[in-house]
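As a plain string of letters, each chain reads:
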Amino acid sequence: MFNTKQYLSELSKYMELKIQENRNLNITLINGTVVTNTTSMTGGVSARAYESGSWGFSSSSHLDDSSIRYVINTAKANAEFLDQRLQKNRPFFQTNDFSFSKSFATTKIRLSQKQILDYLNELDAYILMKYPNLTERSISIRCLDMDKSLMTSHGNTLDSLLCRSIIFITLTVDDGDNPIALYQVYGGRGQFEDNFTSPEELFPEIDKLYDELIKKSQGIYASAGLKECILDSDLAGILAHEAIGHTVEADLVLAGSVAGPNINKQVASPLITLKDFAYEYNGETCPIPIYIDDEGTEASDVTIIDKGILKNFMHSKESALHFGVEPQGNGRAYEYSDEPLIRMRNTAILPGTSKLEDMIASVEDGYYLTRTNNGQADSTSEFMFGITMGYEIKSGRIARAIKDTTISGIAFDVLQSVTMVSDEMSWSCAGMCGKKQPIPVGMGGPAIKCNLKIGGR
Amino acid sequence: MMDNLLKFSIDETLKQGADHAECTLTKRIKWELNVSGKEITLLRTTDGRQLTIKAIKDQKKGSVSTDKLNEEHIKQVISNLISNCESSKTDDCYAISPMEKANFIGNAIEPDKEGMYNLLVNYLQEVKEKYPLILMEPCIWTHISEEKQYANSNGAEFNSIDGTYEFEAAMTAVDGNNTSSFNFTGFLRNNLDQGILECGSLDTILKELQGQIHTQSLGDKFEGTIILTPDVLQSIMWMYVNNFLSDGNLISGTSPFKDKLNKQVASKSLTFMSNPLDPELSYGYHITKDGFIAENQTIIENGILKSYLLTLEGSNKTKLPRGKNHGDAFNIKEGQQSIDDLIKSTDRGILLGRFSGGRPSSNGDFSGVAKNSYYIENGEIKYPLSEVMISGNLIEMFKNIDAISKERINFGNALMPWISCSGITISG
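Criteria and cut-off values
- Residues numbered from 1 in each chain as written.
- Chains lettered and ligands numbered in written order.
- Predicted model: local features only at pLDDT ≥ 70, side-chain atom pairs only at ≥ 80, totals over all residues.
- Heavy atoms only, no water.
- Helix = DSSP H or I, 4+ residues; strand = E, 2+ residues; numbered from the N terminus.
- Rg over C-alpha atoms; globule rule 2.2 N^0.38 Å.
- Buried < 20%, exposed > 50% of the residue type's maximum accessible area, 1.4 Å probe, protein only.
- Areas by Shrake-Rupley, 256 points an atom, 1.4 Å probe, with all protein chains shown as cover.
- Phe/Tyr/Trp six-rings, centres within 6.5 Å; stacked < 30°, edge-to-face > 60°.
- Lys NZ or Arg CZ within 6 Å of the ring centre and 35° of its normal.
- Pairing = 2+ DSSP bridges.
- Contact = heavy atoms within 4.5 Å.
- Axes fitted to C-alpha atoms, helices over the stretch in contact; angles between N-to-C directions.
- Buried area = accessible area lost by both parts, 1.4 Å probe.
- Salt bridge = Lys/Arg side-chain N within 4 Å of Asp/Glu carboxyl O.
- Polar contact = N/O pair within 3.5 Å; in protein donor to acceptor, adjacent residues only side chain to side chain.
- Nonpolar A, V, L, I, M, F, W, Y, C, P; charged D, E, K, R; others polar.
- pLDDT = per-residue confidence, 0-100.
- Patch = residues over 30% accessible without salt bridge, like charges linked within 9 Å, V, L, I, M, F, W, Y side chains within 5 Å.
- Expected span 1.5 Å × (residues − 1).

**Description of the overall build of chain B**
Along chain B, the regular secondary structure elements total 9 helices and 21 strands. Its C-alpha atoms give chain B a radius of gyration of 24 Å, within 12% of the compact-globule value 22 Å for 428 residues. Taking the principal axes of its C-alpha atoms as reference, chain B extends roughly 70 × 55 × 35 Å. Looking at chain B as a whole, 60% of its 428 residues are labelled buried. For chain B, the accessible surface area stands at approximately 16,300 Å², while carbon and sulfur atoms represent 45% of it.

Following this line, the structure appears as structure tokens:
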């Protein structure tokens, strides 16, 4: 990486200079055929300048001394282009001198792409051998390294290598009328060598996945309407991220999200505490640890909801200035050519005290929902999640599996209906959050008992 | 004439042992204005180059993309690529396109920066006056200049240069403590001859949003009609194409359309095309992703499936005909009735503004939330809706088309009417 410090004197009063490379590995097998076998590197230099309330940004994939200077000067020129016309006359940001360096690179010997493909081929061979009745089997590996070097005009720096490696396995079976599919994600933070040692370690997980798929294929359609549900931890995490998290991103608050007028009001059950963690929870590193964000802000945890009371929004430097608070490191950018936006990091509902089995036993007629494949949010806090695995609960017992369905609700209404929160926490980091740019995020939570609308027939 | 870098990459890939090689070099320059709330906040310019190399060796394939364009790095990258090929699996379907050569030069290759800035300022002023409750986050007005060069070891060489103006905005209406659902829309153009508010469906969406702050839930469940607006129809056609007509599900065999060529798959009133060379559209393309000269193609004609959107490899794998293009530039032929007629002939149903839902299952089953939508009863729009779910099947929905409007919206990269379909489960 270039030494960015040599350009410090060329930066204007507020600027960020970043050199970053994203490296992706993407291999997909469908029924044993290699349909994708690619690596990509996207890297370059970018600069962002602030001039009295107007921003200028410039980037180039060309990385040498002259292109770095070009990008710095163009960012300044872009900010001046707007400032001359708009003349907002807004103040500059506070400085900070926090610098940090961290790499999540593996210390093990790196595997070749051939060895990684061999690993996937062994998984594929196991599935084919054990479950020949499947109509489709799909295995994908997605590895992402985000390697960046950031400096601000205040002189604080970040050098980081953030890594993620995940395997998706999707199995499909025919239920006699239609194909029924189910997928699971394995892996998380870290490079491949740190998450996957031998294919055999995943065989029991594949067996579990298959068992659930068969139950689903023999299952029924959910009955549509308002139901009492137990959301398992994956779903609680996505609820925290989609249904609440986006509404409290300050740019969306300023654009009218329903969270805006509700600060310091009771928006959820007192059992709910929801946070966006920067890099650590309970002494363990989070899935997507952020120590300094892409604006050079030192990262700290944001308490969004505390025992049901909405306490804080998530901010960039600019929105924090507007609201009169301190930024806490939510300004993130995905590629070198992206400007920082207000993004989540590791958003989670905190665990409570109930046992999952007691929660299920407490439901007379409802559903236990365990997996999702996507979720979408709205400024009204209305949310929608696709449900790919779940079960009926009848008289406090797990009954038949249900087929694909959708749940929706108004997030604050759903959280106010929470009556039990389990005592276990689990994290996932397979997701990519979309908001002009994609970005990896962590989501976590316990199981929660609540009321929400389920789609069905 | 082939860029030296492309020639070097092809030659080096063959030299290192590939049997076939394919390279694409893309240069993309953006000049972009960003709006947040009601004001311009950011001017962003990006200059990116990307080289993608695909190799086939002993009928095993791999590909790599990089934006480090020096020869030393490219040699190393190709060396890794050849290793990746060797470790892959043999498949006779892997191939590259045959020899063809062509050059294409489009419009608006350089941005009119002052023109863009002035149009945006005018747009923000118009919205402030006409729709004062509207806030935007984000609103992005971009000029993209793209040069694409393709070459392969069969001697194919294409060069295309084009420029496009692209507008996209996500918006909400806010009145005190009350907020509407957000909605989004956009368009593409190759000139600045019209004001922003005159383009696509933007004016309609903004007007509707102001009236969607106060909504009602349905309090009922029934099987009824949905009228798909042009914006939502665009996204649904992408679902339809990805689920039934593209490589993934056709290769795996799960697409219900795998044996339906020249058979009735939809209502006779539906004619659906992909026309990247349509002069009515501002956005199109001349080179397909798998290295052919793009042509317009009719996908469904009077309800009969006429073609797929398979790539060369997808076609080789499935033994079905290759698509003449890679999709996009969608065009649905207009019908005979007006939008008002579609609404008047609806007993019970909804006017669907936006669909919030996941990917349909491979057989086409879908469910999700109807956003920015209205309840229709006895031929009249009654009120804007909240918390309404819709579910059905994509294939059945397009078999049960009641009518298609004669009006269409030109988004620049799509021409879409309104379509009324029955047999949808609506609950809320």
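The rest of the description comes next.
**Quick notes on the packing of aromatic side chains**
If you walk through the whole model with that rule in mind, you get 39 aromatic pairs over all chains. Ring centres 6.1 Å apart and planes at 20° place the aromatic pair phenylalanine 98 of chain A and phenylalanine 100 of chain A in the stacked group. For phenylalanine 98 of chain A, a relative accessible area of 24% gives the class partly exposed. Exposure remark for phenylalanine 100 of chain A: the relative accessible area of 25% places this residue in the partly exposed category. An aromatic cluster is defined as three or more aromatic residues linked by ring pairs; in this entry it consists of Tyr14, Tyr50, Trp55, Phe92 and Phe93 of chain A. Residue placement shows lysine 102 of chain A over the ring face of phenylalanine 104 of chain A; its charged tip is 5.3 Å from the ring centre. Across the ring face of phenylalanine 222 of chain B, the terminal group of arginine 348 of chain B is positioned such that the distance to the ring centre comes to 3.9 Å.

**Focus on the sheet that holds strand β22 (residues 426-428) of chain A**
Residue and element names in this part refer to chain A. With mixed pairing, 6 strands are arranged side by side in an open sheet as β13-β12-β9-β16-β25-β22. Two strands in the sheet have a free side with no partner beyond their single neighbour: β13 (309-310) and β22. Inspection of the sheet shows β22 paired to strand β25 (residues 442-445) by 3 bridges, in the antiparallel sense. Following the sheet pairing, serine 426 is matched in β25 by glycine 445. Relative to β25, helix α5 (residues 233-245) is tilted by about 120°, and along the sheet it contacts β9 (274-277), β12 (302-306), β16 (346-349), β22 and β25.

**A short note on the interface of chain B and chain A**
Listed by partner, the interface residues are 68 residues for chain B and 75 residues for chain A. Where chain B abuts chain A, roughly 5,600 Å² becomes buried across the two surfaces, and 47% of that area is made up of carbon and sulfur atoms. Between the two partners, chain B and chain A, sit 12 salt bridges. With a shortest N-O distance of 3.3 Å, lysine 88 of chain A and glutamate 39 of chain B are connected by a salt bridge. Between the two partners, chain B and chain A, sit 48 residue pairs in polar contact (both at pLDDT 80 or more). Residue classes in the side of chain B that touches chain A are distributed as 17 nonpolar, 32 polar and 19 charged.

**Brief notes about the confidence of the model for chain B**
Looking at chain B, the pLDDT average stands at 95 and 100% of residues meet or exceed 70. In the predicted complex, the global pTM is 0.94; the interface-specific ipTM is 0.93.

**Looking at the pairing of strand β23 (residues 432-435) of chain A**
Side-chain positions along a regular strand alternate between the two faces of the sheet. Residue and element names in this part refer to chain A. Residues Cys433 and Lys435 line the buried face of β23, whereas the alternating positions Met432 and Gly434 sit on a face that is not buried. Sheet analysis places β23 next to strand β24 (residues 437-440), joined by 4 bridges and oriented antiparallel. Of the residues in β24, the one forming a bridge with lysine 435 is glutamine 437. Hairpin connection from β23 to β24: 1 residue lie between these consecutive antiparallel strands, with lysine 436 at a positive phi of about 65°.

**Re the environment of serine 59 of chain A**
Structurally, serine 59 of chain A can be placed in strand β3 (residues 54-60). Separated by 279 residues in sequence, serine 59 of chain A and aspartate 338 of chain A place their C-alpha atoms 8.2 Å apart. When near neighbours in sequence (up to four residues on either side) are disregarded, serine 59 of chain A contacts Val45, Ser46, Val71, Tyr336 and Ser337 of chain A together with Thr45, Thr46 and Asp47 of chain B.

**What to know about unusual backbone geometry**
Put simply, glutamate 137 of chain B and proline 138 of chain B share a cis peptide bond, and its omega is -5°. Among the secondary structure elements, proline 138 of chain B is positioned in strand β5 (residues 134-152). With phi around 55°, serine 52 of chain A is a residue other than glycine that occupies positive phi space. Tracing the chain through its elements places serine 52 of chain A in the loop between β2 (33-51) and β3.

**What to know about the pattern of salt bridges**
Tallied over the full model, the rule gives 56 salt bridges over all chains. Across the salt bridge formed by arginine 23 of chain A and aspartate 145 of chain A, the nearest N and O atoms sit 3.9 Å from each other. Here the residue arginine 23 of chain A occupies a position in strand β1 (residues 15-30), and aspartate 145 of chain A occupies one in strand β5 (residues 136-152), the gap between them amounting to 122 residues. For aspartate 145 of chain A, a relative accessible area of 11% puts it in the buried group. Among the salt bridges present, the one from aspartate 203 of chain B reaches lysine 130 of chain B, with a minimum N-O distance of 3.2 Å. A residue pair is termed long-range when its members are at least 10 positions apart, and aspartate 203 of chain B in helix α4 (residues 202-210) and lysine 130 of chain B in helix α3 (residues 113-130) qualify at 73 residues. For aspartate 203 of chain B, a relative accessible area of 24% corresponds to the partly exposed category. Exposure remark for lysine 130 of chain B: the relative accessible area of 45% places this residue in the partly exposed category. What emerges from the salt-bridge pattern is a single network uniting Glu21, Arg23, Asp145 and Asp147 of chain A together with Lys68 of chain B.

**Examining a nonpolar patch on the surface**
A cluster of nonpolar residues, Leu254, Phe323 and Val325 of chain A, forms a patch on the protein surface that exposes about 220 Å² of accessible area. By secondary structure assignment, the location of leucine 254 of chain A is in helix α6 (residues 250-254).

**As for the pairing of strand β2 (residues 39-57) of chain B**
Within β2 of chain B, 15 of the 19 residues are buried, which leaves it mostly tucked inside the rest of the structure. Taken together, the 6 bridges between β3 of chain A and β2 of chain B define a ladder with parallel strand orientation. Bridge pairing in β2 of chain B places serine 60 of chain A opposite aspartate 47 of chain B. What sits between strand β1 (residues 20-37) of chain B and β2 of chain B in their antiparallel hairpin is a turn of 1 residue. The pairing of β2 of chain B with strand β3 (residues 60-66) of chain B spans 7 bridges and is antiparallel. What sits directly across from leucine 51 of chain B, in β3 of chain B, is threonine 66 of chain B. Once β2 of chain B ends, the chain turns through 2 residues before running back antiparallel as β3 of chain B, passing aspartate 58 of chain B with a positive phi of about 50°.

**A short note on helix α2 (residues 113-130) of chain A**
Its 18 residues give α2 of chain A an end-to-end C-alpha distance of 26 Å, which sits within 8% of 26 Å, the value for a rise of 1.5 Å per residue. For α2 of chain A, the full list of buried residues reads Gln113, Ile116, Leu117, Tyr119, Leu120, Asn121, Leu123, Asp124, Tyr126 and Ile127 of chain A.

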